[in-house]
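Here is how the chains run, residue by residue.
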Amino acid sequence: MLKQYKVSAIGAATFLAVSAIGASAMAQTAPQAQQIERVEVTGSRILSVNAASPAPIQVMTSADIAASGVTNLQELLLKSPVFGTPGISRTNSNFSTSAGGVATVDLRNLGADRTLLLVNGRRYVAGISGSATVDLNTIPTDFIERVEVMTGGASAAYGSDAVAGVVNLVLKKGYSGLMLDAQVGQSQKNDDKVKKFSATTGVSSADGRDNIMAHFSISQQGAVYSANRERSAEDQLSQFALTGEASDIATVNRPAYSSFTPQGRFFYTGANGKAANYTYDPSGKEVPYTGDLGFNRNALRQTAIPTDRLLLAANGEKALNDSHSLFFESTYAATSTKTQIEPFAVDSTGGSNPIYSGGFYVPAEFMVNGKMTRNPLVPDYIYNLATDRDKDGAKDYNFTRRLSEIDNRGARAERDTFRILAGLKGDLSKVWTYEAYAAHGFTKEAQHSTGQVNAANFRNALEAIPDANGKAICRDPLARAQGCVPINVFGKGSISPEAAKYVRADGTLMTKVEQTFAGATVSGEPFSLPAGLVGVAFGAEYRKEKSRDEADALTQAGLNLGNARPITEGEFNVKEVFGEVRAPLLKDLPFVKALDANAAVRFGKYSTVGNVTSWNAGLDWALNSMVRVRGTTAVSTRAPNIGELFQGGNQTFPTGIADPCKGVTATSVGAKDDLCRKDPGVMENIAANGKFTVSQPDSQSISGYDFGSTSLKAEKGKSNTLGVIFSPKGIDYLKNFSFTADYFDIKIDDAISTPGRQLTLNQCYAGVASYCKDVKRRPTALGALSAGSLALINQANINAGSRATSGVDLTVNHAMKLADGQLNSRLAYTYLIKSSLTAKAGEAPDYSQGEVGSSRNRWVLNVGYDRGAFGVQASVTYIGHAYLDDQAFSDTTDENDKVIRTARENQKMFGEIKAKVYTDLQMSYKFAKGFQLYGGINNLFDTTPPAIISGLPGNTTGAETDAGTYDAIGRRYYAGVRYSF
């Protein structure tokens, strides 16, 4: 049964208002003479009868969307090889402290904020606070007419953020009738259950100038749990995470249970001076800790986040007279997601947010009325053997424990997105047309998280003394007056419901993103050259963005033992003017059927970074009716977003970090080894173990803070494309055949990014001292955490580096009659030549082509056959072989990257990932007038994802693979029925 949604008043009112004005939209019914329509292509503001783009554009139609059976458009777009691994999706955001389940896209793997997503050629409100990234959950899939994807810089046409390119979602309009679609589905593992229903209706006047459409859809995508897939059912860890040796990549420790257990693990030093640690076995007996008594975190983790959506949308147009008309667009989306991970792991003295910091331990006794008094909750086996380690006069201990009695960690997020746009368009004369519009939109998120604890209350609850009757009470009288309940951490299930309630600290997060913009464009073809009409467009735009992100007070201060998240708030505005010209240079000459040039420029003034300029230029050369050559060059800009500028110190717990000091001994030789030995904690570790070693808890307890910077300036992207189109319409057999080949080269200077924690480490221990200020190690052993182990790796946004990518896109389209039916096929292939990130100007780049998420070869083949009432469509997606990120395997600055890469590709020493092929199949049958049954299987052959397990770069925690790049769910089935008239 689908979830019942509480629709906000503004969303419902908008939808009802749209329906109410439907009758008035039909006022003009008299047919008029048909006019030749001028159209606008993505990447240009010029309206023209013969619109064509010198930039490469790939198109997905509503038929492609229907044939895919997707609930969310992201699922379909990610099959295209022009898109990289999404920053956020249902399958890679379960551990996100916010934005869990949001659906984003990332052109060319240059970052989601460098892909500008438009709706009908205009901006759409962001779905993530502090960001410009649009949440595709808020776009009604069944309301989309087509998707146009343009690679390369497009800031001259659309402004900031179009550095990698543009994704333009063109919505349906002018439709008359009713379309219904109902669908159910699930995976073969009986999860990932899908329910969807949508309805689209519209009416139009006889001449088509008055029209209105409305859309309603509701969908539900169920959870997928790690435990329900054999490959991810148990915690596991690559031996590489412990040794740092590339030869240990394939050595899997399974199970590799967490030492933070529900029964607790307790540390103390006995009278003999030896450290000891104990836990409880399943029968409740005190025993020395061994790995098989650990906790399987994957038993509770999710691979895919459950997502519920309600969408309302409407658009329409009303002719005022023969020359002018009003138009509007409106969207309301209510999205609900729920993340879930294992209960919180508390470390009393170590870790990133200890209850007792500074090396202090948990007292086992207290001075009460001049007499040392034992905490009655501390069991004999600890109390009788423990000593005073911190020299405060009291025996002490410390512990790690999984707080299963509190709750699983996770967050339910309720997001509301609303956008309304209204405008006026028409003809100023026979030559000039205009369009003016204004829009406002917002995304609000209310998130409630569970599983956290109040650090101060926890400390009060740990410090118990006996009352007059020997019953444990909290030592602090003020805490007792405020409801303190002693907490018993010794053994599984030992924490009482009352104590759990006292220390529990559920969190809240409230965010809001607002966007207001207005603009006007004038377009026309005012005069002719010998080769044809010259098209021009010019206009101005104003945009204001605001964002606020506020967690509860404990979370802001990091006092709930979880990730600290201070308030982030900011805004900016930008005023822009732009102009564009397209000129036909030559026509009807030998080898020049047509040669057109275009150029555009945009000047902007930001309240944050000042003046910016973007421009592009291109040529479109038709040699004849079959062959065209096209090329563009562009300079695009991206101003920093609110989060990049104003973000407070958000805490995170990175995974897959390789410590460069692993294996260093007291006598090992090398500059890196010398730098490692300068740290007292590293030397203490070496003295105890013979060489520097890290444990599993060490690798799981690294923290760090991410900061914004108001000193950022705008990025500048330079892009070039060169392509050829072969469309032999004069050859009968090939009249429905086309082939395109486009080279792209994009480089972004002054790229805004954090340097990356692994690179920060590598640079620090390669002698670049400026990186070392962001690295902090533990000065001494703390409980389960080793001396010298990494505690913090901080990073802040900088403009210091660059990003670059280049490659070739090929597309082949063909349609033909076959056996009384129609066969359509399309192949899209991308070969990645280069992809690199330079963290700081003057440093050697880190090349990522051929690594996971950046395979050199990717393609998708779509084949469809329709005959009468029957149809079948197949899609085959290929992700080429790859290797793990070599940054995790190098303790250098990657100056010898070419040598490293040769070793990796020739010797395959960096974890080769084999190519994966996914096949999707759908069949449909029209069984009555207006009715169509359809059903499909995604991942038909149940292709398993590669094993990229915990401790390896690219791992998605809980999925044991890169769940953003590969299918972590498996074979899925769906069936539905459509009706239209």
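Residues numbered from 1 in each chain as written. Predicted model: local features only at pLDDT ≥ 70, side-chain atom pairs only at ≥ 80, totals over all residues. Heavy atoms only, no water.

Looking at the packing of aromatic side chains
Here comes step 1: Counted according to the given criterion, the structure contains 20 aromatic pairs.
Here comes step 2: Ring plane angle 70° and centroid distance 6.4 Å describe the contact between Phe726 and Phe737, whose orientation is recorded as edge-to-face. Remark: Phe737 occurs in strand β36 (residues 737–753) and Phe726 occurs in strand β35 (residues 715–726); sequence separation between them is 11 residues.
Here comes step 3: Relative accessible area serves as the criterion here: at 28%, Phe726 is assigned to the partly exposed category.
Here comes step 4: The buried category is assigned to Phe737, whose relative accessible area is 18%.
Here comes step 5: Clustering of aromatic rings is evident, with ring pairs tying together Phe266, Tyr268, Tyr278, Tyr280, Tyr381, Tyr397, Phe399 and Phe490.
Here comes step 6: The ring of Tyr383 has Lys395 lying over it, and the distance from NZ or CZ to the ring centre is 4.4 Å.
Here comes step 7: Cation over ring: Lys425 sits above Phe327, and NZ or CZ is 5.7 Å from the ring centre. (Phe/Tyr/Trp six-rings, centres within 6.5 Å; stacked < 30°, edge-to-face > 60°. Helix = DSSP H or I, 4+ residues; strand = E, 2+ residues; numbered from the N terminus. Buried < 20%, exposed > 50% of the residue type's maximum accessible area, 1.4 Å probe, protein only. Lys NZ or Arg CZ within 6 Å of the ring centre and 35° of its normal.)

Some details on the confidence of the model for the protein chain
Here comes step 1: For the protein chain, mean pLDDT is 90; residues scoring 70 or higher make up 93% of the total.
Here comes step 2: Across residues 1–36, where pLDDT falls below 50, the model places 66 contacts with residues more than four positions away in sequence or in other chains.
Here comes step 3: Every residue in residues 891–908 scores below 50 in pLDDT, and together they form 39 contacts with partners more than four places removed in sequence or on other chains. (pLDDT = per-residue confidence, 0-100. Contact = heavy atoms within 4.5 Å.)

Focus on the nonpolar core
Here comes step 1: Formed by 37 residues in total, the largest nonpolar core has its most connected members in Leu73, Phe83, Leu136, Val147 and Leu169.
Here comes step 2: For this core, the secondary structure elements donating two or more residues are α4 (73–77), β2 (115–119), β4 (144–151), β5 (165–171) and β36.
Here comes step 3: If near-sequence neighbours (up to four positions away) are discounted, Val147 is found in contact with Gln58, Val59, Met60, Leu73, Leu77, Val167, Asn168 and Leu169.
Here comes step 4: Ranked by size, the runner-up nonpolar core spans 35 residues in total, among them Tyr280, Phe458, Ala479 and Val489. (Core = buried A, V, L, I, M, F, W, Y, C linked by side-chain atoms within 4.5 Å.)

Regarding the sheet that holds strand β34 (residues 704–707)
Here comes step 1: In spatial order, the strands read β33-β34-β39; together these 3 strands make up an open sheet with mixed pairing. Taken across any chain shown, the strands that pair with only one partner, and hence form the sheet edges, are β33 (650–652) and β39 (795–796).
Here comes step 2: Relative to β39, β34 is paired through 2 bridges, and the arrangement is parallel. Looking at the pairing, Asp706 lines up with Gln795 of β39. (Pairing = 2+ DSSP bridges.)

Quick notes on unusual backbone geometry
Here comes step 1: Backbone torsion omega between Arg254 and Pro255 reads 0°, so that peptide bond is classified as cis.
Here comes step 2: With respect to the helices and strands, the residue Pro255 is situated in the loop between β11 (252–253) and β12 (265–269).
Here comes step 3: Positive phi, normally seen in glycine, also occurs at Phe591, with a value near 65°.
Here comes step 4: Examined against the element boundaries, Phe591 turns out to sit in the loop between β29 (568–589) and β30 (592–606).

Comments concerning helix α8 (residues 455–462)
Here comes step 1: What α8 keeps buried is the set Ala455, Asn457, Phe458, Ala461 and Leu462. The buried residues of α8 all sit within an arc of 160° when viewed along its axis, so they share a single face.
Here comes step 2: Measuring from the backbone nitrogen of Ala456 back to the side-chain oxygen at the start of α8 gives 3.0 Å, which picks out Asn454 as the cap. (Arc of directions from axis to C-beta. Polar contact = N/O pair within 3.5 Å; in protein donor to acceptor, adjacent residues only side chain to side chain.)

Points about the environment of Val627
Here comes step 1: Within the element layout of this structure, Val627 appears in strand β32 (residues 627–638).
Here comes step 2: Among residues more than four places away in sequence, those in contact with Val627 are Trp621, Ala622, Val724, Ile725 and Phe726.

Some points on the pairing of β34
Here comes step 1: Residues Gly704 and Asp706 point to one face of β34 and are all buried, whereas Tyr705 and Phe707, pointing to the other face, are not buried.
Here comes step 2: Direction of pairing for β33 relative to β34: antiparallel, over a ladder of 3 bridges. Bridge assignment links Thr652 to a residue of β34, and that residue is Gly704.

Description of helix α16 (residues 757–764)
Here comes step 1: Of all 8 residues in α16, 8 are buried; the element is thus mostly enclosed.
Here comes step 2: Three or more residues of α16 are buried, namely Arg757, Gln758, Leu759, Thr760, Leu761, Asn762, Gln763 and Cys764.

Structural notes on the pairing of strand β24 (residues 432–450)
Here comes step 1: Strand direction decides the pairing type here: strand β23 (residues 408–427) and β24, joined by 18 bridges, are antiparallel. Its bridge partner being in β24, Ala422 is matched across the sheet by Ala438.
Here comes step 2: Once β23 ends, the chain turns through 4 residues before running back antiparallel as β24.
Here comes step 3: The sheet contact formed by β24 and strand β27 (residues 507–529) spans 18 bridges and is antiparallel. Bridge assignment links Thr433 to a residue of β27, and that residue is Ser523.

What to know about the state of the cysteines
Here comes step 1: Applying the stated criterion across every chain, the model contains 3 disulfides.
Here comes step 2: Across the disulfide, Cys474 is cross-linked to Cys484 (sulfur-sulfur distance 2.0 Å). One quick way to see it: the torsion about the S-S bond of Cys474 and Cys484 is about -75°, and its sign makes the bridge left-handed. Separated by 10 residues along the polypeptide, Cys474 in strand β26 (residues 472–474) and Cys484 in the loop between α9 (477–481) and α10 (497–503) bring together distant segments of the chain. Each member of the pair, Cys474 as well as Cys484, is classed as buried.
Here comes step 3: At a sulfur-sulfur separation of 2.0 Å, the disulfide partner of Cys661 is Cys676. Across the disulfide from Cys661 to Cys676, rotation about the S-S bond amounts to roughly -90°, and the bridge is consequently left-handed. In this pair, Cys661 sits in the loop between β33 and α13 (671–677) while Cys676 sits in helix α13, placing the two residues 15 residues apart along the sequence. The same class applies to Cys661 and to Cys676, which are both buried.
Here comes step 4: When the bonded cysteines of the protein chain are counted from the start of the sequence, the pairing works out to 1-2, 3-4, 5-6. (Disulfide = S-S within 2.5 Å.)

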